[in-house]
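Commentary on secondary and tertiary structure
Here is how the chains run, residue by residue.
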Amino acid sequence: LGTGSLNRFNTKFMNSRIKSIQAFLKKESFNSLFVVHPANISYLVNYIARDAYLLITQEKVFYFTDARYVQEIKDKLQALDVVLIKESLVACLEQVLKSQDSKKVFFDIEFADFHLSLKLHSSLDDSVLIIPLAGVITGLIFFTLRTLTG
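Residues numbered from 1 in each chain as written. Predicted model: local features only at pLDDT ≥ 70, side-chain atom pairs only at ≥ 80, totals over all residues. Heavy atoms only, no water.

What to know about the environment of L89
Going by this rule: Runs of E in the DSSP output that reach at least two residues are strands. Runs of H or I that reach at least four are helices, and both are numbered from the N terminus. Any two residues having at least one pair of non-hydrogen atoms within 4.5 Å are treated as being in contact.
With respect to the helices, strands and loops of the structure, L89 is situated in helix α5 (residues 89–99). Residues within four places of L89 in sequence aside, it is in contact with F34, Y53, F64 and L116.

Right under this line is the structure:
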C-alpha cells in the first residue's frame, strides 16, 4: 500500500484485517494483541499511524494516541475506540486491559522497543500474562497477498 491508498480510507480492508486477527485470537484462546509498530498499525487500520498503538481484543479495537491525533482518528476511524494517552502508555493500556478483562495478551514484538517490552512486563498487573509474538501481522500480509494472487 502506498500512502495515497492509506489516505483514501476504506473500512472494508480494515474490517477484514481486524477480523482475521480476532479470529486468530479466538483460535489461540488469547484475549488481545498489542501492536506497536506504526507500519503494522497502518496496515491493520488502513490509515497512516502516527504516535499510535493498537490493542485488538476478540470484540473491540482500541487505538492509543496522544492529544494531537485524537480528533482526527475519531473522525476517520469511527469503528475504533480511541484512547488518549495522558500520562503513560502503560497506565492507559492497563486500564483498558482491566476494562476488557484481558488476562492473556499477545505482544507484537516485531520491531518493538526493548524498553517498552521491559516496562510492560514490570509495570502491568501480575494477573496479565504478556506473551511476546513475532510475525502474526507479517503472516497476515503474506496470507492476504497469496489469496489475492491465487
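So, the packing of aromatic side chains
Quick reminder of the rule: A pair of Phe, Tyr and Trp rings is counted when the ring centres sit within 6.5 Å of each other, with Trp represented by its six-membered ring. The angle between the planes then sorts it: under 30 degrees is stacked, over 60 is edge-to-face, the rest tilted. Burial here depends on accessible area, computed with a 1.4 Å probe over protein chains only, as a share of the maximum for the residue type. Under 20% is buried, over 50% is exposed, and the range in between is partly exposed. By definition here, charges over rings are those cases where NZ of Lys or CZ of Arg is within 6 Å of the ring centre and within 35 degrees of the ring normal.
Overall, the coordinates contain five aromatic pairs when judged by the stated rule. Ring centres of F30 and F106 lie 3.9 Å apart, and the angle between their planes is 15°; on these two criteria the pair is classed as stacked. In this pair, F30 is assigned in the loop between α2 (11–28) and β1 (32–35) and F106 in strand β5 (residues 104–108), connecting sequence segments 76 residues apart. Geometrically, the ring pair formed by F34 and F107 is stacked, given 6.0 Å between the ring centres and 20° between the ring planes. Taken as a pair, F34 in strand β1 and F107 in strand β5 lie far apart in primary sequence, 73 residues in all. Judged by relative accessible area, F34 falls into the buried class, the value being 1%. Of the residues examined, F107 reaches a relative accessible area of 1% and is grouped as buried. Of the aromatic side chains, those joined through ring pairs into one cluster are F34, Y53, F64 and F107. Over the ring of Y43 we find R17, and its NZ or CZ is 4.0 Å from the ring centre.

A look at the nonpolar core
Threshold: Put simply, buried Ala, Val, Leu, Ile, Met, Phe, Trp, Tyr and Cys residues joined by side-chain atoms within 4.5 Å make one nonpolar core.
With 28 residues, the main nonpolar core has L44, V45, L54 and Y63 as its most contacted residues. Contributing elements (two or more residues each) for this core: α2, β1, α3 (38–45), β2 (52–57), β3 (61–65), α4 (70–76) and α7 (136–149). Every residue in contact with L54, bar those within four places of it in the chain, is listed here: L33, F34, V35, I41, L44, V45, V61, F62 and Y63. Counting 20 residues, the second-largest nonpolar core is a separate cluster that includes F64, V90, L116 and V128.

Some points on the sheet that holds strand β4 (residues 81–84)
Heads up, the condition is: A pair of strands is treated as paired once DSSP finds two or more bridges between them. The axes are straight lines fitted to the C-alpha atoms, using for helices just the contacting stretch, and the angles between their N-to-C directions are given from 0 to 180°.
Strands sit in the order β4-β3-β2-β1-β5-β6 across an open sheet of six strands; the sheet is mixed. Single-partner strands in this sheet number two, and they are β4 and β6 (129–133). Sheet twist, expressed as the mean angle between neighbouring strand axes with direction ignored, is 25°. Docked against the sheet, α5 engages β1, β2, β3, β4 and β5, running at close to 160° with respect to β3.

Regarding α3
The element α3 is largely enclosed, with a buried count of six among its eight residues. Within the sequence span of α3, burial applies to N40, I41, S42, Y43, L44 and V45. In the stretch just after α3, N46 is the one whose phi turns positive, near 60°.

Things to note about the pattern of salt bridges
As a reminder, the rule being used: Salt bridges are counted wherever a side-chain nitrogen of Lys or Arg sits within 4 Å of a carboxyl oxygen of Asp or Glu.
Counting across every chain of the model gives seven salt bridges. Salt-bridge contacts for K60 lead to D81; the nearest nitrogen and oxygen are separated by 3.9 Å. Highlighted residues: K60 in the loop between β2 and β3 and D81 in strand β4, separated in sequence by 21 residues. Residue class for K60 comes out partly exposed when judged on its relative accessible area of 36%. Judged by its relative accessible area of 30%, D81 is partly exposed. A salt bridge links D101 to K103; the nearest nitrogen and oxygen atoms lie 3.4 Å apart.

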